[in-house]
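So the chains spell out like this:
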Amino acid sequence: METRSDTISERTRLARERLLAFWQRQMSDQILVEFSAPGARRSNELPEEVLDDQRIAEGCPPLFEDIPRLLRDLEAGIGPAPTPDDEIWDDSLGIKVAVPEFQFNCGVVGAMLGGRLHVASSATHTMTFNDPVVTDWVQLDGLALDESERNVWLQRVLGCVRYFVEHASKPFVIRPFLVYEGANFVVSMRGTTQAFFDLGDRPPQLRDLYELGYRTGARLLELKQSIVRPHNERILGHKLFADTAPIHAVPWLDTDAYSLCSPRVFAEIGLEFKQRIVDHFGGGMMHIHGLGQHIVPIAGRLKRLTYLSLYDDPNCVPYFDRRIEFRAVTHDTPLTIGCTLKDLVTGLADRTLPGGVKYTAYVPQGVTVRELNGVMERVRAYRVGRLAGNPAPAA
C-alpha cells in the first residue's frame, strides 16, 4: 500500500500546518473551516434514515460479525485524489478517518468486564448495551480488565482493529472508539436507573467505580494505540502530526450521561477524572451534545484538551447561535462548531466569528469549488483578538 506522504498535496500540507497550530492553541485569533459534502444536513436536523423499531425488528445480524465486509465497505467509499481543479482548499485532513470497532458500540466495555451483551441491529448500524456488572458493591472488589485470551470481547475488538491494519489496501487512518471513563462507565456497570441514583446520592463506592473506569479506559486505548500507531504514522507520513492529531494519540471522550445530569455532577466528580485521563495521554478530544449545553462552562475548565466539539442535536438551540457566549467560557480551548455556509459567510462579513474555532460549514447543492475556495481565502485572512488561557486553579 502506498504511503500518504508520497501523494500528499499542497492543499493537505497547508491544512496540516493549520490544524497543528490549532491543536497547539496557536490560532486563537484565527478560524479554521471544513466544508461538508454538498447537500449534507446540519447535525441538529433529523436524518432521512433513522434506526427505528421496524428496522431493528427485521433481525439484521450485528455488523461486527463480518469484519471483512466492514473493511470492503469503507474502502469502496475512498475514491481517487481530486484533480487540482476539483480540490477544495479547506482545513479538512484530506484523509479518510475510520473507526473499525464502531459497530461493537457502547455495551462492549461492559461485556469485557463480565456483563451479558445485548444487540439491536439494522442493515446500516448496530447498537449494543450490557446487563449491569455491579449489582452489589461487593462485586466491585477485585474487578479489573482481563487482558488474556479468555476475554472474548476484548480479543474480538482488538482483532477487528488489527484486521483493518493488516488488510488495508487504500489510505485511511484509524481512530479508536470512545473511551468511557466517567458517568457512561457508571451507567454500563450499574444500569441506567441505578447509575443516576448513584450519581445523585454519591455512595462511598462510587469513587472506586470511577477509578476502575479510568484504569479500564486508559488501558483499552493503550492496547489499541499499539496496533494503530504504526499504521497511522505510515499513512500520515509526519510523526509530529501523528503524535498530535486527535486520531489515535489522545482519547476520544464523551459526556452523554453528564448531559442528563445537574451541572454539579460533572463539576464535582466528572471533571476530575476527565482531567486525569487528558493528563495521562497529554490531550483529548471531547464532544458535548446539544442537550448538554449547561455543562460547557465546566468543560471550559479542562487543561490541555486538544479540542472540544460542540455537537448540535435535534430540537436544541444550535451552538452557532450561542458561539460568542460559549467561546467566552471555554477560554482558549480549541472548539469545533457546525454552521451553514450562509452563517459562515455572514459571520466573516460581520466579523462575528470568535477565533480558536474550527467551523464545519454545511454546503448546499450548486455551490462550486471556485466559490468555496474564494471563501477560504477570506477565512485564512480573518483575524480577531487573541484569547486568554484557562485561569490557574485556586490555591
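Numbers given to residues run from 1 along each chain, matching the order in which its sequence is written. It should be noted that, the model being predicted, local features are given only for residues of pLDDT at least 70 and side-chain atom pairs only at 80 or more, the latter also being counted only at that level, while totals for whole chains, interfaces and linings use all residues. Water and hydrogen atoms play no part in the side-chain values, which are based on all heavy atoms of the structure.

The way it works is that DSSP assigns letters per residue, a run of H or I at least four long becomes a helix, a run of E at least two long becomes a strand, and they are numbered from the N terminus. Counting secondary structure elements, the protein chain contains 14 helices and 10 strands. Every radius of gyration here is taken over C-alpha atoms, with the globule rule written as 2.2 Å times N^0.38, N being the number of residues. Taken against the 2.2 N^0.38 rule, which gives 21 Å for 395 residues, the C-alpha radius of gyration of the protein chain at 21 Å falls within 12% of a compact globule. Based on the C-alpha atoms only, the size of the protein chain along its principal axes is roughly 60 × 50 × 45 Å.

A separate point is the packing of helix α13 (residues 341-350) against helix α14 (residues 369-381). Direction vectors running N to C along α13 and α14 enclose 40°, while the axes themselves pass 11 Å from each other. Put simply, α13 runs oblique to α14. The element α13 and its partner α14 pack so that their crossing is left-handed. Facing α13, whose interface residues are L341, L344, V345, L348 and A349, α14 presents L372, V375, R378 and V379. Three classes are used, and their members are as follows: Ala, Val, Leu, Ile, Met, Phe, Trp, Tyr, Cys and Pro are nonpolar, Asp, Glu, Lys and Arg are charged, and the others, Gly among them, are polar. Taken together, the residues of the contact of α13 with α14 sort by class into eight nonpolar, no polar and one charged. The convention used is that axes are lines fitted to C-alpha atoms, helices contributing only their stretch in contact, and that angles between N-to-C directions extend from 0 to 180 degrees. Should an angle lie under 35 degrees it is considered roughly parallel, over 145 roughly antiparallel, and from 65 to 115 roughly perpendicular; all remaining angles are considered oblique. A crossing counts as left-handed when the near helix is turned anticlockwise from the far one by less than a right angle, and as right-handed when that turn is clockwise. We call two residues in contact when some of their heavy atoms are within 4.5 Å.

Turning our attention to the packing of aromatic side chains. Each aromatic pair joins two rings of Phe, Tyr and Trp (for Trp, the six-membered one) with centres within 6.5 Å, and gets the label stacked for planes under 30 degrees apart, edge-to-face for over 60, and tilted for any other angle. What the rule picks out here adds up to 10 aromatic pairs. An angle of 90° between the planes, with centres 5.8 Å apart, marks the rings of F64 and W153 as edge-to-face. A residue pair is termed long-range when its members are at least 10 positions apart, and F64 in the loop between α2 (53-57) and α3 (67-76) and W153 in helix α5 (residues 152-167) qualify at 89 residues. Their ring planes at 45° and their centres at 4.8 Å tell us that Y258 and F266 sit as a pair that is tilted. Residue class for Y258 comes out buried when judged on its relative accessible area of 2%. Through a chain of ring-to-ring contacts, three or more aromatic side chains come together here, namely F64, F104 and W153. If you follow R175 out to its NZ or CZ, it ends over the ring of W252, 5.8 Å from the centre. The ring of Y382 carries the charged tip of R351 above its face, separated from the ring centre by 5.1 Å. Buried means the residue's accessible area, taken with a 1.4 Å probe over protein chains only, is under 20% of the maximum for its type, while exposed means over 50%, and partly exposed covers the values in between. Any Lys NZ or Arg CZ that is within 6 Å of a ring centre and within 35 degrees of that ring's normal is treated as a charge sitting over the ring.

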